[in-house]
Amino acid sequence: MIRAKGLTYQYSGGSLMSFPDIQCEAGDQLLILGESGSGKTTLLQILSGLRQPQTGSVSIHGTDLQAVPRRKQDQFRGKHVGLVFQTPHFLQALNVEENVALAQRLAGQKIDLPEVRDLLERLGLAHRIHAYPRHCSQGEQQRISLARALINQPDILLADEPTSALDDRHCLEVCGLLEAHASESRSALIIVTHDQRIKDRIPHTITLERHV
Amino acid sequence: MYSLWLSWKHLVYKPAQLTLNLVLLALSTGLIAGVFLFDRMITERLDRNLAGIDLVIGAKGSPLQLILSGMYHLDVPTGNISLQTAKPFLRPGHPLISRAVPLSLGDSYQGYRIVGTDTAFYALYDLELAVGSQQKAAMDIVAGAGVARALGLTIGQTFQSVHGLDDNEDLIHEDGPGFRIVGILQPSGSVADQLLLTPLESVWLVHDHGHGDHDHAAEDEAEDREITTLLIQYKVRNHLTLNLPRNINENTDLMAASPAMEMNRLYALMGAGTELLRILAWIILAVSGLSIFVSLYSSLQARRYELALLRMMGSSPGGVFRLIVQEGFLLAFFGGLLGLLFAHTGLWLTGRFLEEEWHYAFDAWVFLPEEFWLFLAVLGFGIIAALFPAWQARKVDIASTLIG
């Protein structure tokens, strides 16, 4: 589903970072571990198409990211990549349901409210559909951002430190949800983290070395 | 539409800021439109009552006052002139004058002016009867459409007039002969709508009666007769008519004033005031443009994350740009609309006041082409004010904002 080969990146004035090849099929799960400074964030940005690598290529669902015309890149990302962050952010002016529907719309899909509500219900947010994100608890907010990432049934679900800010109980809960819903929508799940608590849950692990 | 809805959602999310911007925009737009409208309303109203009158003749005094009282029935008359001195102008076959309309003012009924005149007045203003008949005998009244409606006058109704132009109960001509309504006019849009017309003789009768002088010989009476004003239309305009007012002013006890000249002087006076208001309003509009700019620009920092989110979910840089420009557009659209509504409501209220005070009717819901251009200009202001913030929003770096 996603393949990355020979990726390197160099910040101006920094040393050259090279990343291991990555392959993750539909329904597979991959954990990328690394200390801060190991280039985790850079790799995540490259994989989601937000940053161009110096060398190497990323292909999602058989499409080379660099081959997507510039003006289509945003929509391509919206449709094929779902992102979950350490701290969830939302459009404060919109309620929960509207925030999730927005992801559908911006990815070039038609808004399908029954589908949005169905997904929110399956994530245990039925009572929060018309609430505003700022009124929701942190755990609820993380689940809303998961719903937003999943609504377009993305080919790859990228999670950036999704559990670092959570206590043990919520960490387990979010992990379980990520795994369950990624496999349900046949998305390739890649979790990038330094959180050792989830190391044993996911069979495939890549550890990034610290670049000096 | 979805994108407009999204812009709108962002605006209403900050109600205080939205209100401030809307109020500023509405205030400036309303003020500019108000000046346009008021200017137009007055000018149109006064122009319609020019009715092709070339000259107004009356007692010596202020020429503008003579015009205002004789043509517009706004001010008090400068005084009376004897019918004898006015006779030459009323003579049929005058070489310069095609029509001369005598007016005799001084009485009123419930604040509406009673105008003694002859049938030439009807021709001057193209007046037509809605019901009843034209004035035939003394004490017959033909009521303007506006008066008839306001006072609920009907044919055959009688009343006593009040001396003076104010509605003063102490000055009712109680023992004078009563007036009788014989006709009601169709609305003409001219000042005649607000007048009660009667033959000249009625005014004389009312006042003679009041003084109780019954032993005047008929000829003496004729000599004593007074009127207030003469409205003159020329046959042609040439050097003779050009000199006529000066001749009258220099060689007789009468005063002649040209409505066109006096009104132009009045407009020039009014123009300075409205010009100042207009400049002030444009300054406020510029300030409201600045306010849109500041509120969009200052919220940019706080919204950086949201903008990056939009990009992450699939919005293009152009899409984000459009979102911000639309916010400026929507503010201007609703602010401008509100402003026009303010202006017309204000005009309507002023109109009602004027109608009550001066018996002048206004139509406040006529829209001018200038308002359309003003509205476009306001939209332009809104969009321009949003351009720079939108450009900044377009440049938000998603990678470092979202993941970093």
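Enquirer: Any chance you could break down the confidence of the model for chain B for me, citing the residues and the numbers?
Expert: All names here are of chain B. Summarising the model, chain B shows a mean pLDDT of 86, and 94% of its residues fall at 70 or more. Ignoring residues within four places in sequence, the model shows residues 212-219, a span with pLDDT below 50, making two contacts including any to other chains. For this predicted complex, the interface score ipTM comes out at 0.89, alongside a pTM of 0.76.

Enquirer: Can you lay out the pairing of strand E6 (residues 140-143) of chain B for me, pointing to particular residues and giving the numbers?
Expert: Residue and element names in this part refer to chain B. Every second residue of E6 is oriented toward a common face, with Asp140 and Val142 on one face and Ile141 and Ala143 on the other, all of them buried. In terms of strand pairing, E6 meets strand E9 (residues 179-185) through four bridges, oriented parallel. Residue pairing across strands places Val142 opposite Gly183, the latter belonging to E9. Of the strand pairs in this sheet, E6 and strand E10 (residues 196-199) are connected by two bridges, and their pairing is antiparallel. Residue pairing for E10: Ala143 is matched across the bridge by Leu196.

Enquirer: Residue-level account of the packing of helix H3 (residues 63-70) of chain B against helix H10 (residues 259-312) of chain B, with values.
Expert: Residue and element names in this part refer to chain B. Relative orientation of the contacting elements H3 and H10 amounts to 105°, with a least axis distance of 10 Å. The orientation of H3 relative to H10 falls into the category roughly perpendicular. Within the contact between the two elements, H3 uses Pro63, Leu64 and Ile67 and H10 uses Pro259, Glu262, Met263 and Leu266. Of the residues in the contact of H3 with H10, the class split is six nonpolar, no polar and one charged.

Enquirer: Give me the lowdown on the pairing of strand E1 (residues 2-10) of chain A, citing residues and values where you can.
Expert: All names here are of chain A. For E1 and strand E3 (residues 22-24), the ladder comprises three bridges, and the chain directions are antiparallel. Paired with Arg3 across the two strands is Gln23, which belongs to E3. The sheet contact formed by E1 and strand E5 (residues 55-60) spans five bridges and is antiparallel. Counterpart to Arg3 in the pairing with E5 is Ser59. As judged from the three bridges shared by E1 and strand E2 (residues 16-18), these two strands associate in the antiparallel manner. Pairing of Thr8 across the sheet is with Ser18, part of E2. Hairpin remark: E1 followed by E2, antiparallel, with five residues in the connecting loop; positive phi at Gly13, about 85°.

Cut-offs applied
Residues numbered from 1 in each chain as written. Chains lettered and ligands numbered in written order. Predicted model: local features only at pLDDT ≥ 70, side-chain atom pairs only at ≥ 80, totals over all residues. pLDDT = per-residue confidence, 0-100. Contact = placed C-beta atoms within 7 Å. Buried ≥ 20, exposed ≤ 12 C-beta atoms within 10 Å, placed from the backbone. Helix = DSSP H or I, 4+ residues; strand = E, 2+ residues; numbered from the N terminus. Pairing = 2+ DSSP bridges. Axes fitted to C-alpha atoms, helices over the stretch in contact; angles between N-to-C directions. Parallel < 35°, antiparallel > 145°, perpendicular 65-115°, else oblique. Nonpolar A, V, L, I, M, F, W, Y, C, P; charged D, E, K, R; others polar.

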